[in-house]
Amino acid sequence: MRSSTAQALIDLNNAFYQTNAASFAQTRQAPWQGWQRVLDRVRMCLAMREADAHAGVDALRGVQKAHAPLVAIDVAAGNLRFERLLAAELGDTMGTIHAVDDCPGLIDEHSLPLHTQVHMRDILAQLMQNKDPLAGLPAGDLVVSFGFMHHVPGRALRERLLDALAAHTAPGGILALSLWRFMDDERLAAKAMAADAQAEQHDLPVDDLEPGDHFLGWQNSTDTLRYCHHFSSDEIDDIAARLCKRGLAPCDRFFADGRSGALNAYLICRRDQ
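Residues numbered from 1 in each chain as written. Predicted model: local features only at pLDDT ≥ 70, side-chain atom pairs only at ≥ 80, totals over all residues. Heavy atoms only, no water.

(A) Expanded view of the nonpolar core. Among the nonpolar cores identified, the biggest contains 31 residues, and Ile123, Leu161, Leu165, Ile239 and Leu243 are the most heavily contacted of them. Looking at this core, the elements that each hand over two or more residues are β3 (70-75), α4 (123-128), α5 (155-167), β7 (169-180), α7 (233-245) and β11 (264-271). It is α5 that contributes the most residues to this core, 5 residues altogether. Aside from chain neighbours lying at most four places away, what touches isoleucine 239 is Leu162, Leu177, Leu179, Phe231 and Leu267. Counting 23 residues, the second-largest nonpolar core is a separate cluster that includes Val42, Leu90, Phe254 and Tyr266. (Core = buried A, V, L, I, M, F, W, Y, C linked by side-chain atoms within 4.5 Å. Buried < 20%, exposed > 50% of the residue type's maximum accessible area, 1.4 Å probe, protein only. Helix = DSSP H or I, 4+ residues; strand = E, 2+ residues; numbered from the N terminus. Contact = heavy atoms within 4.5 Å.)

What follows is the structure, given as structure tokens:
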């Protein structure tokens, strides 16, 4: 994909969220089903960490080694639904939750969830400039990106994001991704095909799209389009392989969410201590 095409698709999505931020946020209030399984994996790691702490007695001072509170990074945090879930379910073990996004219309900074610190950053603009969008943030014991990878145009740009996420996952930490599979849903696939036809009439660079690239409207309308990528099983295999080369071994992979219970594919990886 040409960089000019990627930028046009980014601009399209930026305009979409600026226009529809309020209505979009209203439909994104409850936690996704798959997040509970992510938290189950986090709890398993916390239990392992606690066991290590009890076993790791300082021979010289005879005291149990302590562990710092859990640090989390949420890339493209949206309206902070995941932050609210973390605060509610893991509040006693949480340190700072670093929520990264660039859509103030989705975030009410006057009522942030417990432990949450917001970082307003244009993630895709940084990636387009070959910069680290998470520069300056501490390594995360939990690094997540939900509902965002499908808005990253082009395999090359997605790989840059994966590398940044991997680089900011602490030893022993977990990286969790959701990967949208909307073309497996008959209703959404029909909407995508209708929006694709509309895109050809809106001077969008449809000639330079990659396999899996589509457009979608909003709330039964194709007046406002957004770019979305459907992830095939082979692509998810490639993502897992790339993360493995960067020291994060897959520890769980499953489907969840939506009426079908399979609208998102989840990939959870863990870095060795």
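(B) Geometry of α7. Taking 1.5 Å per residue as the helical rise, α7 with its 13 residues ought to reach 18 Å, and the 19 Å between its terminal C-alpha atoms agrees with that figure. All buried positions along α7 are accounted for by Glu235, Ile236, Ile239, Ala240 and Leu243. One side of α7 carries all its buried residues, which in axial view fall inside an arc of 140°. Pointing more than 90 degrees away from the buried face of α7 are the exposed residues Asp234 and Lys245. (Expected span 1.5 Å × (residues − 1). Arc of directions from axis to C-beta.)

(C) Representation of the pairing of β7 within the structure. Of all 12 residues in β7, 11 are buried, a share of seventy percent or more. Bridge analysis of strand β6 (residues 140-145) against β7 gives 5 bridges, and the strand direction is parallel. Across the sheet, serine 145 pairs through a bridge with leucine 177, a residue of β7. Both β7 and β11 contribute to a ladder of 7 bridges, which runs antiparallel. What sits directly across from isoleucine 174, in β11, is arginine 270. (Pairing = 2+ DSSP bridges.)

(D) Up close: the pairing of β6. Among the 6 residues that make up β6, 5 are buried, leaving the element largely enclosed by the rest of the structure. With 3 bridges connecting them, β3 and β6 associate as parallel partners. Counterpart to aspartate 74 in the pairing with β6 is valine 144. Crossover β6 to β7 through α5 is right-handed. (Right-handed = clockwise from strand over helix to strand, strands pointing away.)

(E) Region of the structure containing the environment of threonine 96. As for its position among the elements, threonine 96 is in strand β4 (residues 94-101). By relative accessible area, which is 29% here, threonine 96 ends up partly exposed. The sequence separation of threonine 96 and alanine 72 amounts to 24 residues, and the corresponding C-alpha distance is 6.5 Å. Not counting chain neighbours up to four residues away, the residues in contact with threonine 96 comprise Leu70, Val71, Ala72, His115 and Gln117.

(F) Here's a closer look at the pattern of salt bridges. Scanning the entire structure with this criterion turns up 15 salt bridges. In this structure, glutamate 210 and arginine 158 form a salt bridge, with 3.8 Å as the shortest nitrogen-oxygen distance. Taken together, the residues glutamate 210 in the loop between α6 (186-199) and β8 (213-218) and arginine 158 in helix α5 connect sequence positions 52 residues apart. Salt bridges linked by common partners bring Arg155, Glu159, Asp163, Asp238, Arg242 and Arg246 together as one network. (Salt bridge = Lys/Arg side-chain N within 4 Å of Asp/Glu carboxyl O.)

(G) How the structure looks around the packing of aromatic side chains. According to the stated counting rule, one finds 9 aromatic pairs in the structure shown. Centre to centre, the rings of tryptophan 32 and tryptophan 35 are 5.4 Å apart; their planes meet at 45°, and the pair counts as tilted. Residue tryptophan 35 is classed as buried on the basis of its relative accessible area of 3%. For the pair tryptophan 35 and phenylalanine 82, a centre-to-centre distance of 5.3 Å together with 80° between the ring planes defines the contact as edge-to-face. One end of the pair, tryptophan 35, is in helix α2 (residues 34-55); the other, phenylalanine 82, is in helix α3 (residues 81-90), with 47 residues separating them in the sequence. Per residue, the accessibility class of tryptophan 35 equals that of phenylalanine 82, and both read buried. The rings of Trp32, Trp35, Phe82, Phe146, Phe254 and Tyr266 are connected pair by pair, giving a single aromatic cluster. (Phe/Tyr/Trp six-rings, centres within 6.5 Å; stacked < 30°, edge-to-face > 60°.)

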